[in-house]
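Listed below are the residues making up each chain.
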Amino acid sequence: MEAFTTHTGRAVPLRRSNVDTDQIIPAVWLKQVSRTGFEKGLFAAWREDPEFVLNRPEYQGASILVAGPDFGTGSSREHAVWALQQYGFRAVVSARFGDIFRNNATKAGLLPIELPEANVERLQAKIEANPAKEFTIDLSRRELRCDEDGVQSFEIDDYTRWRLLEGLDDIGLTLRHTDEITAYEEGRRSWLPVTA
Amino acid sequence: MGRTLADKVYDAHVVRSAEGEPDVLYIDLHLVHEVTSPQAFDGLRMADRAIRRPDLTIATEDHNVPTTDILSPIADPVSRAQVETLRKNCAEFGVRLHPMGDAGQGIVHVIGPQLGLTQPGMTVVCGDSHTSTHGAFGALAFGIGTSEVEHVLATQTLSQRRPKMMAVTVNGTLPYGVTAKDLILAVIARIGTGGGQGHVVEYRGEAIRALSMEGRMTVCNMSIEAGARAGMIAPDETTFAYLEGRPHAPSGDDWEAAKEYWRSLHTDDDATFDKEVVIDAAELTPFVTWGTNPGQGVPLAAYVPDPAAYDDPTQRSAAERALEYMGLTAGTPLRDVAVDTVFVGSCTNGRIEDLRAAADVIKGRKVADGVRMLVVPGSMKVKAQAEEEGLNEVFTAAGAEWRQAGCSMCLGMNPDQLKPGERSASTSNRNFEGRQGKGGRTHLVSPAVAAATAVTGHLAAPADL
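Residues numbered from 1 in each chain as written. Chains lettered and ligands numbered in written order. Predicted model: local features only at pLDDT ≥ 70, side-chain atom pairs only at ≥ 80, totals over all residues. Heavy atoms only, no water.

Caption draft 1: The overall build of chain B, seen in detail. Helices and strands together make up the secondary structure of chain B, namely 16 helices and 19 strands. Taking 465 residues into account, the globule formula puts the C-alpha radius of gyration at 23 Å, and chain B, at 21 Å, falls close to it. With respect to the principal axes defined by its C-alpha atoms, chain B has extents near 55 × 55 × 45 Å. When contacts within chain B are restricted to residue pairs at least 6 apart in sequence, those whose partners lie at least 24 apart make up 76%. (Helix = DSSP H or I, 4+ residues; strand = E, 2+ residues; numbered from the N terminus. Rg over C-alpha atoms; globule rule 2.2 N^0.38 Å. Contact = heavy atoms within 4.5 Å.)

Caption draft 2: Here's a closer look at the overall build of chain A. Looking only at helices and strands, chain A has seven helices and seven strands in total. Scanning chain A from its N terminus toward the C terminus, one meets helices and strands in the order β-α-β-α-β-α-β-α-β-β-β-α-α-α. If you line up chain A on its principal axes, its C-alpha atoms span 65 × 40 × 25 Å. Counting only residues that meet the buried cut, chain A has 59% of its 196 residues in that class. (Buried < 20%, exposed > 50% of the residue type's maximum accessible area, 1.4 Å probe, protein only.)

Caption draft 3: Focus on the sheet that holds strand β2 (residues 23–26) of chain B. All names here are of chain B. Read across the open sheet, the three strands follow the order β1-β2-β8; overall the sheet is antiparallel. The open sheet has two free edges, formed respectively by β1 (14–16) and β8 (157–160), since each of these has just one partner strand. Strand-to-strand twist of the sheet, defined as the mean angle between neighbouring strand axes without regard to direction, takes the value 40°. When β2 meets β8, the two strands line up antiparallel, connected through four bridges. (Pairing = 2+ DSSP bridges. Axes fitted to C-alpha atoms, helices over the stretch in contact; angles between N-to-C directions.)

Caption draft 4: Just the packing of aromatic side chains, in detail. Under the criterion given, the structure shown has 17 aromatic pairs over all chains. Relative to W46 of chain A, the ring of F43 of chain A has its centre 5.7 Å away and its plane inclined at 5°; by these criteria the two rings are stacked. On the accessibility criterion, F43 of chain A (0% relative accessible area) is buried. Centre to centre, the rings of F97 of chain A and F101 of chain A are 6.2 Å apart; their planes meet at 15°, and the pair counts as stacked. Owing to a relative accessible area of 3%, F101 of chain A belongs among the buried residues under this scheme. Among the aromatic residues, those joined into a ring-pair cluster are W191 of chain A together with F240, W255, Y261 and W262 of chain B. Against the face of Y261 of chain B rests R189 of chain A, its NZ or CZ located 3.5 Å from the ring centre. (Phe/Tyr/Trp six-rings, centres within 6.5 Å; stacked < 30°, edge-to-face > 60°. Lys NZ or Arg CZ within 6 Å of the ring centre and 35° of its normal.)

Caption draft 5: Geometry of the interface of chain B and chain A. In this complex, chain B contributes 79 residues to the contact, which on the side of chain A involves 58 residues. Summing both sides of the interface, chain B and chain A together bury roughly 5600 Å²; the carbon and sulfur share of this comes to 54%. Among the residues of chain B in contact with chain A, Q39, R52 and Q197 of chain B are the three that bury the most area, contributing 10% of the side total. Counting every contact that joins chain B to chain A gives nine salt bridges. On inspection of chain B and its partner chain A, the count reaches 39 residue pairs in polar contact (both at pLDDT 80 or more). The element that contributes the greatest number of residues to the side of chain B that touches chain A is helix α5 (residues 146–155) of chain B, accounting for seven residues. (Buried area = accessible area lost by both parts, 1.4 Å probe. Salt bridge = Lys/Arg side-chain N within 4 Å of Asp/Glu carboxyl O. Polar contact = N/O pair within 3.5 Å; in protein donor to acceptor, adjacent residues only side chain to side chain.)

Caption draft 6: Quick peek at the layout of surface pockets. Computed from the structure, the largest pocket encloses a volume of approximately 1100 Å³. Lining the largest pocket are 32 residues; nearest its centre among them are D99, R102 and N103 of chain A together with R161 and G198 of chain B. Mapped onto the lining of the largest pocket, the elements with two or more residues apiece are α3 (99–108), β4 (111–114) and α5 (158–166) of chain A together with β7 (140–143), β8 and β10 (199–204) of chain B. Sorting elements by how many residues they give to the lining of the largest pocket places α3 of chain A first, with five residues. Grouping the amino acids of the lining of the largest pocket by side-chain chemistry returns eleven nonpolar, eight polar and 13 charged. Here the second largest pocket is characterised by a volume of approximately 820 Å³. If you trace the second largest pocket, you find 34 residues lining it, with G177, V178, T179, A180 and A357 of chain B closest to the centre. Elements represented by at least two residues in the lining of the second largest pocket include exactly α6 (180–191), α7 (206–209), α8 (213–221), α13 (352–362) and α16 (447–456) of chain B. The greatest single-element share of the lining of the second largest pocket, amounting to six residues, is contributed by α13 of chain B. Of the residues in the lining of the second largest pocket, the class split is 16 nonpolar, nine polar and nine charged. (1 Å grid on protein atoms, 1.4 Å probe; cavity = no way out; pocket = protein on both sides within 12 Å on 5 of 7 lines; lining within 4 Å. Points joined across faces, edges and corners; volume = space filled by probe spheres on them. Nonpolar A, V, L, I, M, F, W, Y, C, P; charged D, E, K, R; others polar.)

Caption draft 7: Representation of the pairing of strand β4 (residues 57–60) of chain B within the structure. Residue and element names in this part refer to chain B. Taking every second residue as pointing to the same face, both faces of β4 are buried, with T57 and A59 on one and I58 and T60 on the other. Judged from the three bridges that link them, strand β3 (residues 29–32) and β4 form a sheet pairing that is parallel. Across the sheet, residue H30 finds its bridge partner in β4, namely T57. Taken together, β3, helix α2 (residues 38–46) and β4 form a β-α-β motif whose crossover is right-handed. Following the chain from β4 across helix α3 (residues 77–93) to the adjacent parallel strand β5 (residues 96–98), one finds a crossover that is right-handed. (Right-handed = clockwise from strand over helix to strand, strands pointing away.)

Caption draft 8: Looking closely at the sheet that holds strand β11 (residues 230–232) of chain B. All names here are of chain B. Read across the open sheet, the four strands follow the order β11-β10-β9-β12; overall the sheet is parallel. Edge strands, defined here as strands with exactly one partner in the open sheet, are β11 and β12 (275–280). In this sheet, adjacent strand axes meet at a mean angle of 20° when their direction is disregarded. Sheet strands touched by α6: β9 (164–171), β10 and β12. Its angle to β12, the strand with the most contacts, is close to 130°.

Caption draft 9: Seen up close, empty space enclosed by the protein. All names here are of chain B. Inspection of the entire model under this criterion finds two cavities of 30 Å³ or more. Size it by volume and the largest cavity reaches roughly 230 Å³. In terms of lining, the largest cavity is formed by 24 residues, of which the most central are H63, D128, H130, L411 and R435. Secondary-structure elements contributing two or more residues to the lining of the largest cavity are α4 (108–115) and α12 (346–349). Residue composition of the lining of the largest cavity, grouped by class: eight nonpolar, eleven polar and five charged. There is about 120 Å³ of room inside the second largest cavity. The class makeup of the residues in the lining of the second largest cavity is five nonpolar, ten polar and two charged.

Okay, structure coming up:
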């Protein structure tokens, strides 16, 4: 996983709530067996509208998505996270995230930043007033900064922050505890089902 | 201090717990399908890792499966490649697979319970958000992404934090003609698509206890639509009766030992929940969605809502967008909404009781002119059972199409899709924009409402016939 320490970039406001993962990447794009190439499917249906915010010239190259509440609800497809990353996003800001999406994002190195809904709306208005404005995300300080208007703090637990800062993947970390997994397995109830 | 059902199951699976770190949680059953697994198998290969417990892993083909000709190779080369990739991966890593054409094939959340692999007190995961279905047995079951699929394959564990607990208590008795699907659609409309976020929902109360196992699966299945990764119902005699004698259920002395343990799996009287919702079953009626998220639902007898009636600006603009996408006008009676397609199936409502409920309504009647009705059993076993009962003939005599098992039009990864602008009454779980096909418009309903709608050509309950 790519480490996330600090990131500076422009943002794009997505003024829609309940952006489900079927919108982020429609099911037809999930048939690929590789882990790349999903940027083309990002918001595929919405991007057919030339007026859709991601199509507007002033937001080309933006790397922070600032979306309405309940972003990433629905399907567990991690392809939604890959599509956002491969399109160029490093972080998504929303008032609420779907649980599975948020989890997938932190596993793959896309930073989900949760802020109160009113703050998200203020950010969106600020971006719309000046799309060229740059924001800096400092994960170690848990801050989203915008030069002239100061700092917004966000919450993220210490462990997830550490994992993202170091770019560590969970499997390697868990495999350090293989002995404990083996010990647990010895105590499992004998009648639990096996598929074989 | 007492513990909830979910606490008890969670605690029994903690392999390792350390201050400041997530717990390592053991996984008893890992269900795999073709869509969310290929990149996880690739990850194993790149790191030269094996599957720790192939004997706790089972795979099936469901999302891409065509429901017309299941014995021929899939025509769509991309779908075919994905299914073939699963076959190669299962062969290479030693995972039992139920491929297309196999009598054990079906939707991943239908075959687990059918085989008796889903049991009370287990942890069950799958790279699919509707894994919550298995919580109907008192299992802690939730959907995961592909990175976590790889993690479970490699370690048989997940890195987890204890979820918060939410109780949804449904008191009283469901009125005649009101089903598990109506109940869960009403719950989602009440608490919203984010209402269960961060929580495991335990469904409790008289109306829940009175549900069959299949009804309980329908309820738990849609927990994710209320934002909760998992839904659970405490096991009871209904659960035991469903499980007894299934291929992978314990037998003999093991059966008695298992039941003794399972009886301890209930929320203690002095346990507390982080959030509680109480619903009176007697007030529930057949329920339908009008919008583009599963929380946008109303009783069938109601009208398409007016966005202006919402105080919250976010809800108001979401409602405006939804009406525009759905091609609906505020104030229209839902019963006046005409459909092109009726879909009966999916992991929500593709089990035998669902097919019986739809068949009961449509028996001796005809699908309305201009309406296409697809009936897609959730598994080949459900299909065989339905055919033994003659349900297939009831459907085909009415003019409906009787199909092979798979996810089908729930998400349109196979050829079963809506065309742009087409409208469906669907027993599936998601009415998202484009979910059933680009530009398609979906109304979520119960199997009984779906069948009545097929007869009249517009949204209807059996009582309207």
